[in-house]
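Breakdown of the fold
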Amino acid sequence: MTGKQSARTQSRELAARGKPVSASRSEMAEVVLPAQTNALGKLLGGHVMHLVDIAAAMAAERHSNSYTVTASVDHIDFRNPVSLGEIVILKSQVNRVFRTSLEVGVEVFSENVLTGERKHTTTAYVTFVAIDEHTHLPKVVAPLLVRTAEEKRRYREAGERRKARLKLRES
């Protein structure tokens, strides 16, 4: 069996298996420190975007079992600021797998350490491409197994965002 045949066989086996959304779920948290804030004591938007990219990559790599590269950020919505001293919490999961790419949804929350109050601060959708570790070319990714109504909604909406993204590239 040649290397190409072996890779094709592995791709077919992978496609047959699939992985559940739960296999990609990731969470990270950190305390907001002075160096990460603006003059108003609020977490810098650029730092939030950096954390979003990391949290999203963790979910994409967990699902694909490979290195990934960021292909696009379709949407990032800042709803509420995160203040100095609060904990910023990021939750990510794969919403949909295409062939070699994956859309990951990330939700960001702030937590006041004194009151325990949590606020939804940011939502983002990031697309990654899985990369073969030897050739550095795109790699076929196992399909996503969606089971719950919420997972099916996210899957459907990810497809709609992809259509819009591809349409923008054409124009």
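Structural notes, computed from the coordinates. Given the structure is predicted, the values throughout are model-derived calculations rather than measurements.

**Topic: the overall build of the protein**
A tally of regular secondary structure across the protein gives three helices and seven strands. Going residue by residue from the N terminus, the α and β elements of the protein occur as α-β-β-α-β-β-β-β-β-α. With respect to the three principal axes, the spread of C-alpha positions in the protein is 60 × 35 × 30 Å. Going through the 171 residues of the protein one by one, you find that 41% of them count as buried. For the protein, the proportion of contacts with a sequence separation of at least 24, taken over those separated by at least 6, is 73%. In the structure as shown, the protein presents an accessible area of about 9,900 Å², 54% of it carried by carbon and sulfur atoms. Taken as two groups, the 26 positive and 19 negative side-chain charges of the protein have centres that lie 7 Å from each other.

**Thoughts on the nonpolar core**
Ranked by internal contacts, the top residues of the largest apolar core, which has 27 residues, are Val52, Val88, Leu90, Val104, Val106 and Phe128. Put simply, the parts of the chain that give this core at least two residues each are α2 (45–64), β4 (87–97), β5 (101–111) and β6 (118–131). Take this core: its biggest share by element is eight residues, from α2.

**Quick look at the side chain of Ser110**
The residue Ser110 is located in strand β5 in this model. For Ser110, a relative accessible area of 2% translates into the label buried.

**Some points on helix α3 (residues 149–170)**
For α3, with 22 residues, the first-to-last C-alpha span of 32 Å sits near the 32 Å given by 1.5 Å per residue. Of the positions making up α3, those classed as buried are Glu151, Arg154, Ala158, Gly159, Arg161 and Arg165. Considering only its buried residues, α3 is in contact with β3 (67–78), β4, β5, β6 and β7 (144–145).

**Details of the sheet that holds strand β2 (residues 26–31)**
Read from one edge to the other, the open sheet built from five strands follows the order β2-β4-β5-β6-β3, with strand pairing classed as antiparallel. If you trace the sheet from one side to the other, it starts and ends with β2 and β3, each paired once. Adjacent strand axes in the sheet meet at a mean angle of 25 degrees, parallel and antiparallel pairs treated alike. Sheet strands touched by α2: β2, β3, β4, β5 and β6. Its angle to β4, the strand with the most contacts, is close to 45 degrees. Along the sheet, α3 contacts β3, β4, β5 and β6; its crossing angle with β4, the most-contacted strand, is approximately 80 degrees.

Parameters and conventions
Residues numbered from 1 in each chain as written. Predicted model: local features only at pLDDT ≥ 70, side-chain atom pairs only at ≥ 80, totals over all residues. Heavy atoms only, no water. Helix = DSSP H or I, 4+ residues; strand = E, 2+ residues; numbered from the N terminus. Buried < 20%, exposed > 50% of the residue type's maximum accessible area, 1.4 Å probe, protein only. Contact = heavy atoms within 4.5 Å. Areas by Shrake-Rupley, 256 points an atom, 1.4 Å probe, with all protein chains shown as cover. Lys, Arg positive; Asp, Glu negative; His and termini not counted. Charge placed at Lys NZ, Arg CZ, Asp CG, Glu CD. Core = buried A, V, L, I, M, F, W, Y, C linked by side-chain atoms within 4.5 Å. Expected span 1.5 Å × (residues − 1). Pairing = 2+ DSSP bridges. Axes fitted to C-alpha atoms, helices over the stretch in contact; angles between N-to-C directions.

Distances and angles like these do not, on their own, reveal function.
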